[in-house]
Amino acid sequence: MIIVTRAGITAAEIDHLRERIEALGLRTHISAGEHRTIIGCIGDEEVLREVPLLAFPGVEEVLPVLKPYKLASREFAAAPTEVKVGAARFGGLEFTVAAGPCSVEDESMLRETAMAVRDAGATVLRAGAFKPRTSPYSFRGLGERALKELADVRREFGLPIVTEVMDTRQIEIVAEHADMLQIGARNMQNFSLLTEVGRTHRPVLLKRGLSATIKDLLLAAEYIMSQGNMHVVLCERGIRTFETATRNTFDVAAIPVLKRETHLPVVADPSHAGGRRDLVAPLAFAAIAAGADGLLVEVHPCPERALSDGEQSLDFSEFEAMMERLAAFAELMGRPLRPLSPVAI
Ligand code: PEP
Ligand code: MN
């Protein structure tokens, strides 16, 4: 249930409402917009039915949230959520690009790539330390060693890091080294993992599962948020269909649908969606046109030598060329790229 307040409600009136609701054993979530505040009530709503909420000063409307996802639903927040990742953010006015290699292969390629993507306008570094691979015999990442290298590069370049966590046992160490925890497509419905990342204070990048519906994705986000972590960014990365010409099918319509359904930021991953480097730029442009808040792009110093996902990785000059054109297009769409603000991380 959500309580919509009148413009001009006082802080004391909000506190009064909150105390009354919490005394009934529910939790509250306050979302203050420019003109009104929304108080979300979480827990057994039955007990609220006995309370004449409309009689409280400052209350305009009391609405049930009918969707199966509540915390993630658009109605739950007064304004779109901004998720801060180090000095960068997703869901603000600017368009945010996270880029980097599929996997950390060694320190020098990581440093080189960090420098190249930062200079081209990316404000978050992506790179896998623990890799989910289709075959268990493929390269599965350098693990803890890669996390240390990521932390060094983060210190050196000031770029916040997003990296995947595949198992609840890895959460502590990944959260210690990274700014944002990535839940990969194959783990989108690993409910114990969702629950545990929801208990951390790190923002989460949640990728859509290979055969997940938009509703499934929103319910997975809801699991994370129900544990108290509201800093979730959703990622459309292509889904499995009967089409074989592309690695996955990029569901561009998911972007405006998600933007309508949720207050959470939505980004697209054109690298995994198409699976081919020639498709990265066209899909990136489509994502911007569809209203995405940012991108996740794979970049490698020498894609033909990459230990994972070389076919879909851009080299430095391809990434730079794409970013130059993309910046102009994003600006046209009212979403300029911004350099990292000089905040210490
Ligand atoms: C990745 O980002 O490198 C990755 C493994 O992505 P996904 O989980 O979307 O396949
Ligand atoms: Mn990859």
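Here's what I pulled together on the structure shown here. Quick caveat, the model's predicted, so the values are computed rather than measured. (Residues numbered from 1 in each chain as written. Chains lettered and ligands numbered in written order. Predicted model: local features only at pLDDT ≥ 70, side-chain atom pairs only at ≥ 80, totals over all residues. Heavy atoms only, no water.)

Distances from the manganese ion (ligand 2) to its protein donors, namely Cys 102 (SG), His 272 (NE2), Glu 298 (OE) and Asp 309 (OD), fall within the range 2.0 to 2.4 Å. Using a relative accessible area of 3% as the deciding quantity, one classes Cys 102 as buried. A relative accessible area of 10% places Asp 309 in the buried class. (Donors = N, O, S within 2.8 Å, 3.2 Å for Na, K, Ca; no water. Buried < 20%, exposed > 50% of the residue type's maximum accessible area, 1.4 Å probe, protein only.)

The environment of ligand 1 is made up of 13 residues, and the closest members are Arg 126, Lys 131, Ala 185, Arg 186 and Arg 237. One of the side-chain nitrogen or oxygen atoms of Gln 182 is found 3.0 Å away from an oxygen atom of ligand 1. At a separation of 2.6 Å, an oxygen atom of ligand 1 approaches a polar side-chain atom of Arg 237. About the coverage of ligand 1: the protein hides 98% of its 300 Å² of free accessible area. Residue composition of the shell around ligand 1, by class: three nonpolar, three polar and seven charged. (Near = heavy atom within 4 Å. Polar contact = N/O pair within 3.5 Å; in protein donor to acceptor, adjacent residues only side chain to side chain. Areas by Shrake-Rupley, 256 points an atom, 1.4 Å probe, with all protein chains shown as cover. Nonpolar A, V, L, I, M, F, W, Y, C, P; charged D, E, K, R; others polar.)

Note on aromatic pairs: each is described by the distance of the centres and the angle between the planes. Counted under the stated rule, the structure contains two aromatic pairs. Look at Phe 191 and Tyr 223: their rings are 4.7 Å apart centre to centre, the planes differ by 40°, and that puts the pair in the tilted class. Here Tyr 223 lies in helix 6 (residues 214–226) and Phe 191 lies in helix 5 (residues 191–198), a separation of 32 residues in the sequence. Overall, the relative accessible area of 37% leaves Tyr 223 in the partly exposed class. (Phe/Tyr/Trp six-rings, centres within 6.5 Å; stacked < 30°, edge-to-face > 60°. Helix = DSSP H or I, 4+ residues; strand = E, 2+ residues; numbered from the N terminus.)

Turning our eyes to something else, we now look at the pairing of strand 7 (residues 96–100). Most of strand 7 sits inside the fold, with five of its five residues counted as buried. Residue alternation in strand 7 divides its side chains into two sets, Thr 96, Ala 98 and Gly 100 and Val 97 and Ala 99, and both sets are buried. Across five bridges, the pairing between strand 7 and strand 14 (residues 294–298) is parallel. Residue pairing in the sheet places Thr 96 in a bridge with Gly 294 of strand 14. The sheet contact formed by strand 7 and strand 8 (residues 124–126) spans two bridges and is parallel. Bridge pairing in strand 8 places Ala 98 opposite Val 124. The parallel pair strand 7 and strand 8 is bridged by helix 2 (residues 107–120), and the resulting crossover is right-handed. (Pairing = 2+ DSSP bridges. Right-handed = clockwise from strand over helix to strand, strands pointing away.)

What follows covers the pattern of salt bridges. In the structure shown here, the tally under the stated rule is 27 salt bridges. Arg 338 is the salt-bridge partner of Glu 94, the closest N and O atoms lying 3.5 Å from each other. Of the two residues, Glu 94 is situated in the loop between strand 6 (88–90) and strand 7 and Arg 338 in the segment after helix 10 (316–332); the sequence distance between them amounts to 244 residues. Residue Arg 338 is classed as partly exposed on the basis of its relative accessible area, which comes to 40%. Asp 167 is the partner of Arg 169 in a salt bridge, and the nearest nitrogen-oxygen pair spans 2.7 Å. Taking relative accessible area as the criterion, Asp 167 reaches 21% and is therefore assigned partly exposed. (Salt bridge = Lys/Arg side-chain N within 4 Å of Asp/Glu carboxyl O.)

Pairing in this closed barrel of eight strands is parallel, and the strands run 7-8-9-10-11-12-13-14 around the ring. Looking at each pair of strands side by side, their axes are set apart by 25° on average, direction ignored. Running at roughly 170° to strand 9 (residues 161–164), helix 3 (residues 144–157) makes contact with strand 8 and strand 9 of the sheet. In this fold helix 10 packs onto strand 7 and strand 14, with an angle of close to 175° to the strand it touches most, strand 7. (Axes fitted to C-alpha atoms, helices over the stretch in contact; angles between N-to-C directions. Contact = heavy atoms within 4.5 Å.)

This part takes up the side chain of Glu 94. Of the residues examined, Glu 94 reaches a relative accessible area of 9% and is grouped as buried. For Glu 94, the side chain forms a polar contact with the side chain of Arg 89, separated by 2.8 Å. Filtering out sequence-adjacent residues up to four positions away, Glu 94 remains in contact with Arg 89, Asp 293, Arg 335, Pro 336 and Arg 338.

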